[in-house]
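Notes for the structure review
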Amino acid sequence: MGQVEWAYDLAQRLLEEPLPRRWAHTQGVGKRAETLGPILGAEADTLTAAAYLHDIGYAPDLVDTGFHPLDGARYLRDVHQADETLCRLVAHHSCAVNEALERSLYDALVAEFDQERPELVDALTYCDMTTGPDGQQLDVADRLAEIHSRYGPGHLVTRSITASTPCILASVGAVQSALAARQE
Ligand SMILES: [Fe+2]
């Protein structure tokens with residue numbers, strides 16, 4: 001079984017039944033990743049596998065700290081001995097360091113998982129932040145607004161996404177520029 005199929009099956013097993021909406025989002029993020037072949041080349045499969053796995057830390061069976069990037073990455077590392085690149089991408093997806101700071105888990109996150117190369121980090125953030133909660137494609141501004149309204153003012157996730165907004169916009173912009181350059 002290839003890495004993408006393995007990741008899809010694992011995410012489906014963990015998310016589909018307990019968290020159907022999260023599974024719909026995950027499928028949308030995975031499909032978005034599959035469109036990045038023109039800029040990622042041979043690494044598109046790794047990115048797609050990470051896209052399917054990025055939110056598995058929400059699965060009730062996995063929740064430990066309650067910080068889903070870290071719970072997901074630790075599960076991949078400890079239970080599946082997954083590829084280090086996949087673990088790193090899941091741990092840091094969509095500028096997770098800011099939520100780690102809010103949760104006092106920054107030291108654990110950066111001690112256990114290094115950052116991946118910027119082109120892969122940006123690509124996963126782009127896929128996640130241009131896909132809505134039901135898997136639909138969204139403009140990044142609409143996605144950010146949707147997160148604000150879903151969690152509401154004052155929520156830890158809202159504060160984290162506000163702190164992450166410059167990082168998210170930079171990643172999305174970098175991928176959009178790279179895609180546009182390929183089309184010229
Ligand atoms: Fe996430």
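Presented here is a report on the structure given in the accompanying data block. Please read all numbers here as calculations on a predicted model, not as lab measurements.

**Re the state of the cysteines**
Counted according to the given criterion, the structure contains one disulfide. Between the sulfur of Cys 95 and that of Cys 167 lies a disulfide, 1.9 Å long from S to S. Across the disulfide from Cys 95 to Cys 167, rotation about the S-S bond amounts to roughly -85 degrees, and the bridge is consequently left-handed. Here Cys 95, found in the loop between helix H6 (84-91) and helix H7 (97-102), pairs with Cys 167, found in helix H11 (residues 156-183); they are 72 residues apart in sequence, far enough to count as distant.

**Focus on the coordination of the iron ion**
Donor atoms from the polypeptide that bind the iron ion are Asp 55 (OD), His 68 (NE2) and His 93 (NE2), placed at 2.0 to 2.2 Å. For the iron ion, the single-chain donor residues occur in sequence as D-x12-H-x24-H. Remark: His 68 occurs in helix H5 (residues 68-80) and Asp 55 occurs in the loop between helix H4 (44-53) and H5; sequence separation between them is 13 residues.

**Regarding unusual backbone geometry**
For Gln 81, which is not a glycine, the phi torsion comes out positive at approximately 45 degrees. Assignment of secondary structure puts Gln 81 in the loop between H5 and H6. In this structure Gln 81 comes out as exposed when scored by relative accessible area, which is 59%. Phi is positive for Ser 94, close to 55 degrees, though the residue is something other than glycine.

**Let's talk about the side chain of Asp 122**
Inspection of the secondary structure assignment puts Asp 122 in helix H9 (residues 118-129). Of the side chains bearing the opposite charge, Arg 117 lies closest to the buried Asp 122, which forms no salt bridge; the N-O distance is 12 Å. Polar side-chain contacts of Asp 122 include one of 2.8 Å to the side chain of Ser 171.

**Some remarks on the packing of aromatic side chains**
Per the stated rule, a full pass over the model turns up two aromatic pairs. Taking 5.2 Å as the distance between ring centres and 80 degrees as the angle between the ring planes, the aromatic pair formed by Tyr 8 and Tyr 52 counts as edge-to-face. Taken together, the positions of Tyr 8 in helix H1 (residues 3-15) and Tyr 52 in helix H4 put the pair 44 residues apart, joining distant regions of the chain. Taking the relative accessible area as the measure of exposure, Tyr 8 reaches 26% and is therefore partly exposed. Judged by its relative accessible area of 5%, Tyr 52 is buried. Counting every residue linked through ring pairs, the aromatic cluster contains Tyr 8, Trp 23 and Tyr 52. Sitting above the plane of the Tyr 58 ring, Arg 22 keeps its charged end 3.8 Å from the centroid.

Conventions adopted
- Residues numbered from 1 in each chain as written.
- Predicted model: local features only at pLDDT ≥ 70, side-chain atom pairs only at ≥ 80, totals over all residues.
- Heavy atoms only, no water.
- Disulfide = S-S within 2.5 Å.
- Helix = DSSP H or I, 4+ residues; strand = E, 2+ residues; numbered from the N terminus.
- Donors = N, O, S within 2.8 Å, 3.2 Å for Na, K, Ca; no water.
- Buried < 20%, exposed > 50% of the residue type's maximum accessible area, 1.4 Å probe, protein only.
- Lys, Arg positive; Asp, Glu negative; His and termini not counted.
- Salt bridge = Lys/Arg side-chain N within 4 Å of Asp/Glu carboxyl O.
- Polar contact = N/O pair within 3.5 Å; in protein donor to acceptor, adjacent residues only side chain to side chain.
- Phe/Tyr/Trp six-rings, centres within 6.5 Å; stacked < 30°, edge-to-face > 60°.
- Lys NZ or Arg CZ within 6 Å of the ring centre and 35° of its normal.

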